[in-house]
Amino acid sequence: MIRLVSAVAIAVAAMSSANAHVTLERQEAHVGAPYKGVLRVPHGCEGTATVTLRVRIPSGVIGVKPMPKPGWTLTTVTSKYSKTYKLYHRDVSEGVTEINWSGGKLADAWYDEFTFIAVLASDLEAGKTIHFPVVQECEKGVHRWIEIPAAGKSRSDYPEPAPELRLLPAAAPRH
Ligand SMILES: [Cu+2]
């Protein structure tokens, strides 16, 4: 009984510390469907406020549109995709591949979310995990949430894991 309780306590601790980093709210989504990405920022760096959040969009995540935040300057980088995709009845061969919220101030003691919408291309591989590397700049210090787990490892094995999204098979069409 004691062993069980301590095993559960360890699992909860590992889970809560992993989730206490910058993570995506929805960590699973169907390929070939829209996806709302909500980056959760539960703390700053070295106890100081976050002033910039920059995220890189992985390949196959298309039609990205970020949500502006009052008090923050929003800029994006548009790049050519590795191929042309069908997006809502039109062909797209380029799009937003980096989002930058800057010039704001999110105190270490406070929590906030940074949002974007996108479409997960239908040729993304279900069962795979894709990563959204984030750089979090603070008044003092920086967190580079860019570590991608090697085979056989998980995000809790790394001090600064990149936010991850597990891909599910395309949902059955609704009639
Ligand atoms: Cu953390």
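Scroll up to find the structure this text is about.
Each chain carries its own residue numbering, running from 1 in the written order of its sequence. Selection of residues for local features in this predicted model requires a pLDDT of at least 70, selection of side-chain atom pairs for listing and counting requires 80 or more, and totals for whole chains, interfaces and linings are taken over all residues. Calculated side-chain values reflect all of the structure's heavy atoms, with hydrogen atoms and water omitted.

Q: Sorry if this is basic, but what is going on with the state of the cysteines here?
A: Between two cysteines, a covalent bond joining their sulfur atoms is known as a disulfide. Counting rule for disulfides: a pair of cysteine sulfur atoms within 2.5 Å. All told, the structure shown has 1 disulfide when counted by the stated rule. Each disulfide pairs two cysteine sulfurs, and for Cys-45 the partner residue is Cys-138, the sulfurs being separated by 2.0 Å. Where Cys-45 bonds to Cys-138 through sulfur, the torsion about that S-S bond is close to 60°, and the disulfide is right-handed. In this pair, Cys-45 sits in the loop between β3 (33-41) and β4 (50-56) while Cys-138 sits in strand β10 (residues 134-138), placing the two residues 93 residues apart along the sequence. Here a strand is any run of E in DSSP of at least two residues, a helix any run of H or I of at least four, and the numbering for each starts at the N terminus.

Q: Honestly, the environment of Pro-169 in this entry has me stumped. Any pointers?
A: One can find Pro-169 in the segment after β12 (164-168). For every residue, the accessible area obtained with a 1.4 Å probe (protein chains only) is divided by the maximum for its type, and the residue is called buried under 20%, exposed over 50%, and partly exposed between those limits. Judged by its relative accessible area of 51%, Pro-169 is exposed. Considering only alpha carbons, one finds Pro-169 and His-30, 139 residues apart in sequence, at a separation of 5.5 Å. Beyond its immediate chain neighbours, meaning those up to four positions away, Pro-169 contacts His-30, Val-31 and Ala-126. Any two residues whose heavy atoms approach within 4.5 Å at even a single point are treated as in contact.

Q: I would appreciate a short explanation of the sheet that holds β4 in the present structure.
A: Two pairing modes exist for strands in a sheet, parallel and antiparallel, and in both the strands are linked by backbone hydrogen bonds. Strands sit in the order β6-β7-β4-β10-β11 across an open sheet of 5 strands; the sheet is antiparallel. In this open sheet, the two strands that pair with only one neighbour each are β6 (73-87) and β11 (142-145). Strand-to-strand twist across the sheet, computed as the mean angle between neighbouring axes with direction ignored, equals 15°. Pairing geometry for β6 and strand β7 (residues 90-106), over 11 bridges, is antiparallel. Two strands qualify as a pair provided DSSP detects at least 2 bridges between them. Here an axis means a line fitted to C-alpha atoms, over the contact stretch when the element is a helix, while the angle between two N-to-C directions is reported on a 0 to 180 degree scale.

Q: How do you make sense of the environment of Pro-68 when you look at a structure like this?
A: For Pro-68, the location among the structural elements is in the loop between β5 (61-66) and β6. The exposed category is assigned to Pro-68, whose relative accessible area is 57%.

Q: Looking at this structure, I do not really get the sheet that holds β3. What am I missing?
A: Strand order in the open sheet formed by 4 strands is β1-β3-β8-β5, with antiparallel pairing between adjacent strands. Every other strand in the sheet has two partners, leaving β1 (23-24) and β5 as the edge strands with one partner each. Relative to β3, β1 runs antiparallel, the two sharing 2 bridges. Residue pairing for β3: Leu-24 is matched across the bridge by Leu-39.

Q: What is the right way to look at the side chain of Ser-102 in this model?
A: Following the sequence through the fold, Ser-102 ends up in strand β7. Taking relative accessible area as the criterion, Ser-102 reaches 18% and is therefore assigned buried. Here Ser-102 is in contact with Val-51, Thr-52, Trp-72 and Thr-73, once residues within four sequence places are set aside.

Q: Before we go on, may I ask you to explain the packing of aromatic side chains in this structure?
A: Both the distance between ring centres and the angle between the ring planes are used here to describe each pair of aromatic rings. Side-chain rings of Phe, Tyr and Trp (the six-membered ring for Trp) are treated as a pair once their centres are within 6.5 Å; stacked means planes under 30 degrees apart, edge-to-face means over 60, and tilted covers the remaining angles. Applying the stated criterion across every chain yields a total of 4 aromatic pairs. Ring centres of Tyr-81 and Tyr-85 lie 5.5 Å apart, and the angle between their planes is 80°; this geometry places the pair in the edge-to-face category. Pair check on accessibility: Tyr-81 and Tyr-85 agree, each one buried. Here Lys-69 stacks its cationic end above the ring of Phe-114, 4.8 Å away from the centre of that ring. The rule is short: NZ of Lys or CZ of Arg within 6 Å of the ring centre and within 35 degrees of the ring normal puts a charge over the ring.

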